[in-house]
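Residue-level listing of the chains:
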Amino acid sequence: MAGKAQAKRPKPKAAPAPAAKSNAKTKPLPKKEKASAKPARDSRAAVPQSAKPAAAKPAAAKPVTAKPVTAKPGGGGLRPKRPVNGAIRVGIAGCAGRMGQMLLKTLAAVPGVLVVGGSERKGSPALGMDLGALAGTEPFGITVGDDASALFEAADVVIDFTNPAATAQHAGFAARTGTAHVIGTTGLDADQLAAIGRAAQKAPIVMASNMSLGVNLLEQVVEQIARILDPDWDIEIVEMHHRHKVDAPSGTALTLGEAAARGRGVPLRRVARRARDGHVGARVKGEIGFQALRGGDVVGDHTVMFAADGERVEITHKASSREIFARGAVKAVLWAAGKGPGLYSMKDVLGFSVGGSAT
Ligand SMILES: NC(=O)C1=CN([C@@H]2O[C@H](COP(=O)(O)OP(=O)(O)OC[C@H]3O[C@@H](n4cnc5c(N)ncnc54)[C@H](OP(=O)(O)O)[C@@H]3O)[C@@H](O)[C@H]2O)C=CC1
Ligand SMILES: O=C(O)C1=N[C@H](C(=O)O)C[C@H](O)C1
């Protein structure tokens, strides 16, 4: 995909841009405004009082001494950590990735948030690029760095769509700094999930395999249907994603499987059937099957099938843009800033369950 290719092979012309031309949403505010207790310039109620940095991070816990790093080669240029007129300071781990770029673009249009930095792995060709070049916007005046620890120090909330090992390490930084951590990464193993669980005792962590409103709604519906139908109804989950996806089944498919298993009152690990190949025998009653397809530029399709003798119910969600995940992540940022430690889900963020309504 073009955006990703751009991120992976940054061209020389995308070198760090002058800070003076920074994007409106990331432009440093005049000194007077920084010191004032006035609401954010364009708060539009997006930043509730409780979400202000001062409330989110007591000064003692997050000293203002986190040093700004200005475009040091490979290190990135972070904005200094200090209250910016009530805006929520957001960092993006994996900012040059498919989701990272979409997040930068989305955040640039959100009032009440200030992008303070973006990180990539050491040696990434994106290091030193201006974040605006990744977002396809005007320059942010901030360059991609490789110091995720400093990013967590500089931000109130870090959004993380990277890979399982990086995310588990980042959760440790969240715990050390008390910074809220919004995790979209999928494919984590039990040890990595346990590390995140430990970190959530020290920092607010929102984790969801799919941040879209539609899939979170689907999850509720699937649980309800599975609860209603008896085990004569076979449950199969089919997902399709773009050719670059590295984990299978998708995190969303597993989450939907968990929902179906919950509806049936059984642990998924006992009934999950991960793909079939060869002479596998007849279907075992009660199992929940998974099939993963990969190809092209498919953003993410998920179908949950309930199949019985003579009839079949299929519920499908199709993502046609990564914007839906980015919008969900932004909701999580606004919700998590100022929250106490804990492991939260998009259900908490969206404030709905079957019988309730979406916010
Ligand atoms: N929850 C949700 O709603 C969604 C979740 N996802 C999940 O998000 C993850 C990322 O997806 P996608 O954006 O498509 O993948 P990409 O590979 O495009 O992006 C991941 C980025 O993270 C970078 N990265 C790797 N290691 C580090 C590190 N230590 N520090 C900082 N950055 C690092 C990668 O760099 P490099 O390529 O050089 O290694 C890459 O640029 C996947 O797990 C995916 O399943 C995706 C969409 C929605
Ligand atoms: O890798 C992706 O692209 C996606 N990953 C998530 C998953 O594994 O479920 C969410 C979405 O389907 C896109």
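For every chain, the first residue of the written sequence is number 1, and numbering continues from 1 onward in sequence order. Note on labels: chains are lettered from A, ligands numbered from 1, in written order. The model is predicted, so local features are restricted to residues of pLDDT at least 70 and side-chain atom pairs to those at 80 or more, both for listing and for counting; the totals for chains, interfaces and linings are taken over all residues. The side-chain values count all of the structure's non-hydrogen atoms but skip hydrogen atoms and water molecules.

- An unreviewed UniProt entry annotates the protein as 4-hydroxy-tetrahydrodipicolinate reductase originating from Dongia mobilis.
- You can read under Function (unreviewed entry) in the UniProt record for the protein the words "Catalyzes the conversion of 4-hydroxy-tetrahydrodipicolinate (HTPA) to tetrahydrodipicolinate."
- UniProt positions are given in the numbering used here, feature names are shortened, and annotations may be inferred rather than shown by experiment. Entered under Sequence similarities (unreviewed entry) in the UniProt record, the comment concerning the protein runs "Belongs to the DapB family."

A short note on the overall build of the protein
Okay, step 1: Only DSSP runs of H or I with at least four residues qualify as helices, and only runs of E with at least two residues qualify as strands; both kinds are numbered from the N terminus onward. In terms of helices and strands, the protein carries 13 helices and 11 strands.
Okay, step 2: Counting over 359 residues, the protein shows a buried share of 52%.
Okay, step 3: Whether two residues touch is decided by their heavy atoms; if any such pair falls within 4.5 Å, the residues are in contact. By sequence separation, contacts in the protein at least 24 residues apart represent 72% of the contacts at least 6 residues apart.
Okay, step 4: Here the open area of atoms and residues is found with the Shrake-Rupley method and a 1.4 Å probe, where only the protein chains shown may cover a residue. Accessible surface, the protein as shown: approximately 16,500 Å² in total, 55% of it carbon and sulfur. Categorising residues by exposure relies on relative accessible area from a 1.4 Å probe, with only protein chains included: less than 20% of the type maximum marks a residue as buried, more than 50% marks it as exposed, and the intermediate range marks it as partly exposed.

Things to note about helix 8 (residues 190-199)
Okay, step 1: Those residues of helix 8 not exposed but buried are Q192, A195, I196 and A199. End-on, the buried residues of helix 8 take up no more than an arc of 100°, which puts them together on one face. Summarising the geometry of helix 8, the exposed residues directed more than 90 degrees from the buried face are A190, D191 and R198.
Okay, step 2: Buried residues along helix 8 sit against helix 7 (164-177), strand 4 (180-183), strand 5 (204-207) and strand 11 (342-344).
Okay, step 3: For helix 8, the N-terminal cap is D189; the gap from its side-chain oxygen to the backbone nitrogen of D191 is 3.1 Å. This arc describes the spread of directions from the helix axis toward the C-beta atoms. Polar contacts, as used here, are pairs of N or O atoms within 3.5 Å; protein pairs need one atom able to donate a hydrogen and one able to accept it. Residues neighboring in sequence count only if both atoms are side-chain atoms.

With respect to the pairing of strand 6 (residues 234-241)
Okay, step 1: Any two strands with at least two DSSP-identified bridges between them are counted as paired. Pairing of strand 6 with strand 9 (residues 300-308), which is carried by seven bridges, proceeds in the antiparallel orientation. Pairing of E236 across the sheet is with M305, part of strand 9.
Okay, step 2: Strand direction decides the pairing type here: strand 6 and strand 8 (residues 288-294), joined by seven bridges, are parallel. In the sheet register, H241 faces strand 8, and the bridge partner there is R294.

Let's talk about the sheet that holds strand 6
Okay, step 1: Ordered in space as 7-8-6-9-10, the five strands form an open sheet in which the pairing is mixed. Lying at the two open borders of the sheet, with one neighbouring strand each, are strand 7 (272-274) and strand 10 (311-319). When the angles between neighbouring strand axes are averaged without regard to direction, this sheet yields 20°. Axis lines are fitted through C-alpha atoms, for helices just across the contact stretch, and the angle between N-to-C directions can take any value from 0 to 180 degrees.

Considering the UniProt feature "domain: Dihydrodipicolinate reductase N-terminal" (unreviewed entry) in the protein
Okay, step 1: The feature "domain: Dihydrodipicolinate reductase N-terminal" (unreviewed entry), as given by UniProt, occupies residues 88-211 in the numbering adopted here.
Okay, step 2: Within residues 88-211, the helical portion is 37% and the strand portion 20%, while the C-alpha atoms at the span's ends are 20 Å from each other.

So, the UniProt feature "binding site: (S)-2,3,4,5-tetrahydrodipicolinate" (unreviewed entry) in the protein
Okay, step 1: As recorded in UniProt, the sites labelled "binding site: (S)-2,3,4,5-tetrahydrodipicolinate" (unreviewed entry) are H242, G251 and T252.
Okay, step 2: When neighbours within four sequence positions are excluded, H242 is seen to be in contact with R98, R294, G295, G296, D297, V298, V299 and R322.
Okay, step 3: Apart from residues no more than four positions distant in its own chain, T252 is found in contact with S209, N210, V215 and H302.
Okay, step 4: There is a polar contact of 3.1 Å between the side chain of T252 and the side chain of N210.

Observations regarding the domain arrangement of the protein
Okay, step 1: Per the domain assignment, the segments making up the protein are domain 1 (69-207 + 325-350) and domain 2 (213-276 + 285-319).
Okay, step 2: These domain boundaries are the output of an automatic or database domain assignment. On a C-alpha basis, the centres of domain 1 and domain 2 stand 29 Å from each other.
Okay, step 3: With seven residues of domain 1 at the interface, the matching set in domain 2 holds 12 residues.
Okay, step 4: For the pair domain 1 and domain 2, the two sides together bury roughly 700 Å², of which 59% comes from carbon and sulfur.
Okay, step 5: What counts as a salt bridge is simple: a side-chain nitrogen of Lys or Arg found within 4 Å of a carboxyl oxygen of Asp or Glu. On inspection of domain 1 and its partner domain 2, the count reaches one salt bridge.
Okay, step 6: Between K347 and E219 there is a salt bridge whose closest N-O contact spans 4.0 Å.
Okay, step 7: On the surface where domain 1 and domain 2 come into contact, there are one residue pair in polar contact (both at pLDDT 80 or more). Defined here as a combined quantity, buried area equals the accessible surface (1.4 Å probe) lost by two parts on assembly, summed across both.

Let's talk about the side chain of H317
Okay, step 1: The residue H317 is located in strand 10 in this model.
Okay, step 2: Those residues within four positions of H317 in sequence are excluded, and the remaining contacts are S212, G214, V215, L218, G300, D301, H302 and I324.

Thoughts on the site of ligand 2
Okay, step 1: For this purpose, a residue is taken to be near a molecule or strand whenever a single non-hydrogen atom of the residue falls within 4 Å of it. If you check the shell around ligand 2, you find 13 residues, and the closest are H241, H242, K245, G251 and T252.
Okay, step 2: Here K245 contributes a side-chain N or O atom positioned 2.7 Å from an oxygen atom of ligand 2.
Okay, step 3: Its free accessible area being 320 Å², ligand 2 has 85% of it covered by the protein chains.
Okay, step 4: Looking at the shell around ligand 2 residue by residue, the classes come out as two nonpolar, nine polar and two charged. Gly counts as polar in this scheme, as do all residues outside two lists: the nonpolar Ala, Val, Leu, Ile, Met, Phe, Trp, Tyr, Cys and Pro, and the charged Asp, Glu, Lys and Arg.

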